[in-house]
Amino acid sequence: GENGVDSRAIRVGTRRSQLARIQTDSVVMMLRELYPDLRFEIVAMSTTGDKILDTALSKIGEKSLFTKELESALERNEVDLVVHSLKDLPTSLPPGFTIGAVCKRENPLDAVVFHPKNCGKTLSLLPEKSVIGTSSLRRAAQLKKKFPHLEFRDIRGNLNTRLKKLDEKEDFSAIILAAAGLKRMGWENRIGQLLGPEDCLYAVGQGALAVEVRAKDQEILNMVSALHDADTVLCCIAERAFMKRLEGGCSVPVAVNTLLKDDQLYLTGAVYSLDGSDSLKETMQTGVSYPHQNEDGPNDDVQHVGITAKNVPGQAQEAAENLGIELASLLLSKGAKHILSVARQLNDA
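Residues numbered from 1 in each chain as written. Predicted model: local features only at pLDDT ≥ 70, side-chain atom pairs only at ≥ 80, totals over all residues. Heavy atoms only, no water.

Some remarks on unusual backbone geometry
So, step 1. A positive phi angle, near 50°, is found at Asp262, a position not held by glycine.
So, step 2. Examined against the element boundaries, Asp262 turns out to sit in the loop between β11 (254–261) and β12 (264–272).
So, step 3. In the Ramachandran plot, Asp263 falls in the positive-phi region, its phi being about 60° despite a non-glycine side chain.
So, step 4. Along the chain, Asp263 falls in the loop between β11 and β12. (Helix = DSSP H or I, 4+ residues; strand = E, 2+ residues; numbered from the N terminus.)

Some details on helix α11 (residues 336–348)
So, step 1. Along its 13 residues, α11 runs 18 Å from first to last C-alpha, staying within 8% of the 18 Å computed at 1.5 Å per residue.
So, step 2. Among the residues of α11, Ala336, Ile339, Leu340, Ala343 and Asn347 are the ones counted as buried. For α11, the angular spread of buried residues about the axis comes to 90°, placing them on one side. Set apart from the buried face of α11 by more than 90 degrees, the exposed residues are Lys337, His338, Gln345 and Asp348. (Expected span 1.5 Å × (residues − 1). Buried < 20%, exposed > 50% of the residue type's maximum accessible area, 1.4 Å probe, protein only. Arc of directions from axis to C-beta.)

Describing the sheet that holds strand β4 (residues 97–102)
So, step 1. Strands sit in the order β2-β1-β3-β10-β4 across an open sheet of five strands; the sheet is mixed. Strand pairing shows two members of the sheet lacking a second neighbour, β2 (39–45) and β4, which therefore form its edges. Mean inter-strand twist for the sheet, computed between neighbouring axes without regard to direction, equals 30°.
So, step 2. In this sheet, β2 lies alongside strand β1 (residues 9–15) in parallel orientation, the contact comprising seven bridges. Within β2, the position partnered with Val12 by the bridge is Ile42.
So, step 3. The strands touched by helix α1 (residues 18–34) are β1, β2, β3 (81–85) and β10 (209–214); relative to β2, the strand with the most contacts, the crossing angle is about 165°. (Pairing = 2+ DSSP bridges. Axes fitted to C-alpha atoms, helices over the stretch in contact; angles between N-to-C directions. Contact = heavy atoms within 4.5 Å.)

Observations concerning the sheet that holds β12
So, step 1. Across the sheet, which stays open at both edges, the three strands sit in the order β11-β12-β13 with antiparallel pairing between neighbours. Looking along the sheet, the strands with just one partner apiece sit at the ends: β11 and β13 (279–287). In this sheet, adjacent strand axes meet at a mean angle of 15° when their direction is disregarded.
So, step 2. Direction of pairing for β11 relative to β12: antiparallel, over a ladder of eight bridges. From the neighbouring strand, Asn257 faces β12, where its bridge partner is Thr268.
So, step 3. The sheet strands contacting helix α9 (residues 230–246) are β11 and β12, and the helix crosses β11 at an angle near 150°.

Brief notes about the confidence of the model for the protein chain
So, step 1. When pLDDT is averaged across the protein chain, the result is 90; 89% of the residues are at 70 or more.
So, step 2. Confidence over residues 59–64 falls short of pLDDT 50; this stretch has 10 contacts with residues more than four positions distant or in other chains. (pLDDT = per-residue confidence, 0-100.)

Re the nonpolar core
So, step 1. Counting 52 residues, the largest nonpolar core has Leu86, Ile99, Phe242, Leu246, Val254, Leu265 and Val271 as the members making the most contacts within it.
So, step 2. At 10 residues, α9 tops the list of elements feeding residues into this core. (Core = buried A, V, L, I, M, F, W, Y, C linked by side-chain atoms within 4.5 Å.)

Concerning the packing of α9 against helix α10 (residues 314–333)
So, step 1. Between α9 and α10, the shortest axis-to-axis distance is 7 Å and the interhelical angle comes to 35°. Crossing of α9 against α10: the hand is right-handed. Across from Leu234, Ile237, Ala238, Ala241, Phe242, Arg245 and Leu246 in α9, the residues of α10 making contact are Ala316, Gln317, Ala320, Glu321, Leu323, Gly324, Ile325, Leu327, Ala328, Ser329, Leu331 and Leu332.
So, step 2. Here the residues of the contact of α9 with α10 sort into 14 nonpolar, three polar and two charged. (Left-handed = near helix turned anticlockwise from the far one by under 90°. Nonpolar A, V, L, I, M, F, W, Y, C, P; charged D, E, K, R; others polar.)

What about the pattern of salt bridges?
So, step 1. Tallied over the full model, the rule gives 15 salt bridges.
So, step 2. Notably, a salt bridge pairs Asp110 with Arg138, separated by 2.8 Å at the nearest N-O pair. A residue pair is termed long-range when its members are at least 10 positions apart, and Asp110 in strand β5 (residues 110–114) and Arg138 in helix α5 (residues 137–146) qualify at 28 residues.
So, step 3. Note on Arg138: relative accessible area 6%, which makes it buried.
So, step 4. Linked by salt bridges that have partners in common, Arg11, Asp80, Arg214 and Asp217 make up one network. (Salt bridge = Lys/Arg side-chain N within 4 Å of Asp/Glu carboxyl O.)

Structure, rendered in structure tokens:
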């Protein structure tokens, strides 16, 4: 229409990093295929997390480290949608925002990238006291327990910076990164070892891209909802609900693994002390096979842990959310709160 979506450019907000740009371009490409008549413009900006590079992420203590500036632009109508890595988005979004699309998940596992001199090795084959770089408490806690002969040190910066630090200095024998990011950057050949669930459970939402929009912007919400991947939505709702019930953020080691098979959703969740010596881990499952009902009406825009997915059956989303809550409650009944509060205190100290 005259003043509708199709007569103006849709502005897409993103972080400036190369990976963020690649991720945003991939989402815009999908949108252009779906809506060839629309114009899309990419607006790149820097976030707090991109600017503070000398402090561990877990110590900055800001929940929306990579998202705040982007959300401000969304709020001021300077952009219409924002593309994030889902794992950067807190489980409670600021009022007025929603995740309007969760795209099909890339491989969610963590990957080890070795210093060129350790090419062909695995973590267990590295010499005693080899230093491994990671900015994630979750990765460090699990891997310290599994590979006690290794040392773990903080490494910050975007993917390019971290790989450069690894290759050009002798400080690190290897670094741990998300396989999804390496794959999207076209650096899959650098993956020396993929860490399966037996070695390292991944972060909530890892490997999935999220499109954040204004919750009341019906036009944009309808437009991006075509990007939802139903299986990814259900897995990520369960993971986010688990994290939210535990009140976990990036300052505590919380990890998950999800599997959707034959209409059954399996969620494994765990919490760890900072050194990995203390941990709790459980798995639960639920059925998610529900017919798609026409759910128009007042509960049209129900959010499940910040996600609005109109094209995924509401009962299935509810089942996924309850699975996450129940699994977290089980861990809490076994003492997860104590493990997490000690981890938080130690990290803050």
